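Notes for the structure review
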Amino acid sequence: MPVIVVANPKGGVGKSTLSTQIAGWLASNGHAVMLGDVDRQQSSRTWLGLRQAGLPAIKPWDVAHDEVVRPPKGTTHVVLDTPAGLHGKRLEAVMKLADKVLVPLQPSIFDIHATHAFLRELVTHKRGSKQRIGIVGVRMKEGTISADQLRHFLGGLDVPVIGYLRDTQNYVHLAARGLTLWDVAPGRVQRDLEQWQPIAEWLST
């Protein structure tokens, strides 16, 4: 059962957006997906509560006292949304579960520096070559200095950049209804679906 972890030590960087979209992509491909939420804010669980019947099913993973306790029976894939401030023993526990770790990073100098140290910590906790770590640039506004800074920073890392997602209100509007890019007409979100192709390919291998 593949476990995909979305992690970043800072809050407000798009972890829940990335987690819910990944879960939606997996569900749209017919997988029995579980979305776990270890964040105290329970953003992903709130999103699940907005999701209407008839959409590709995504089940919640029970969480008690900040600990994941069990996946639903029949689950084939797990997506785990993690809290800000993930370090030390909690990070180590999450890394023991993870097959793949995706780190969302937005073009902010403060986020860049905080994430740099976190990436070093991730590599320290990495469990061999089969466990994969990747970065997704989020809320990218092309042609801006901040976007150029982020690309420059990412170019100097040993951790691969899987893709870039633009800054768009599409994710905001979809989240408000418990939806993902794969739940609406492709023509409405074609540009965003194209940006997800390399991420989907990385998650599939």
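Parameters and conventions
Residues numbered from 1 in each chain as written. Predicted model: local features only at pLDDT ≥ 70, side-chain atom pairs only at ≥ 80, totals over all residues. Heavy atoms only, no water. Helix = DSSP H or I, 4+ residues; strand = E, 2+ residues; numbered from the N terminus. Buried < 20%, exposed > 50% of the residue type's maximum accessible area, 1.4 Å probe, protein only. Contact = heavy atoms within 4.5 Å. Phe/Tyr/Trp six-rings, centres within 6.5 Å; stacked < 30°, edge-to-face > 60°. Salt bridge = Lys/Arg side-chain N within 4 Å of Asp/Glu carboxyl O. Axes fitted to C-alpha atoms, helices over the stretch in contact; angles between N-to-C directions. Parallel < 35°, antiparallel > 145°, perpendicular 65-115°, else oblique. Left-handed = near helix turned anticlockwise from the far one by under 90°. Nonpolar A, V, L, I, M, F, W, Y, C, P; charged D, E, K, R; others polar.

Describing the overall build of the protein chain
- Along the protein chain, the regular secondary structure elements total seven helices and eight strands.
- When the 205 residues of the protein chain are sorted by exposure, 48% land in the buried category.
- Excluding contacts between residues fewer than 6 apart, the proportion of contacts in the protein chain whose partners are at least 24 apart in sequence is 76%.

Some words on the environment of Val189
- Inspection of the secondary structure assignment puts Val189 in the loop between helix 6 (170-175) and helix 7 (190-204).
- In this structure, the C-alpha to C-alpha distance between Val189 and Tyr171, residues 18 residues apart in sequence, is 9.7 Å.
- Ignoring any residue separated from it by four or fewer positions in sequence, one finds Val189 in contact with Asn170, Leu181 and Val184.

With respect to the environment of Pro104
- With respect to the helices and strands, the residue Pro104 is situated in strand 6 (residues 100-105).
- Sequence separation of Pro104 and Leu165 is 61 residues, and the distance between their C-alpha atoms is 9.6 Å.
- Once you skip the residues sitting within four places of it in the chain, Pro104 turns out to touch Val6, Ala7, Asn8, Val13, Gly14, Lys15, Leu18, Val136 and Val138.

Focus on the packing of aromatic side chains
- Tallied over the full model, the rule gives one aromatic pair.
- For the ring pair Trp182 and Trp196, a centre distance of 5.4 Å and an interplane angle of 85° mean the geometry is edge-to-face. Taken together, the residues Trp182 in the loop between helix 6 and helix 7 and Trp196 in helix 7 connect sequence positions 14 residues apart.
- Judged by relative accessible area, which is 24%, Trp182 ranks as partly exposed.
- Given a relative accessible area of 2%, Trp196 falls into the buried group.

Concerning the pattern of salt bridges
- In total, this model carries two salt bridges according to the counting rule given.
- Arg51 is the partner of Asp183 in a salt bridge, and the nearest nitrogen-oxygen pair spans 2.8 Å. With Asp183 in the loop between helix 6 and helix 7 and Arg51 in the loop between helix 2 (43-50) and strand 3 (58-64), this pair connects stretches of sequence that are 132 residues apart. Taken as a pair, Asp183 and Arg51 share a single burial class, namely buried.
- Among the ionic pairs, Arg166 bridges to Asp192, the shortest N-O distance being 2.7 Å. Taken together, the positions of Arg166 in strand 8 (residues 161-166) and Asp192 in helix 7 put the pair 26 residues apart, joining distant regions of the chain.
- According to the relative accessible area criterion, Asp192 is buried, its value standing at 0%.

Describing the packing of helix 1 (residues 15-28) against helix 2
- It is the contact of helix 1 with helix 2, at a shortest axis distance of 9 Å, that shows an interaxial angle of 45°. Judged by the inter-axis angle, helix 1 sits oblique to helix 2. As for how helix 1 packs across helix 2, the hand of that crossing is right-handed. On the side of helix 1, the interface is formed by Ser16, Ser19 and Thr20, while helix 2 contributes Ser43, Ser44 and Trp47.
- When grouped by side-chain class, the residues that make up the contact of helix 1 with helix 2 number one nonpolar, five polar and no charged.

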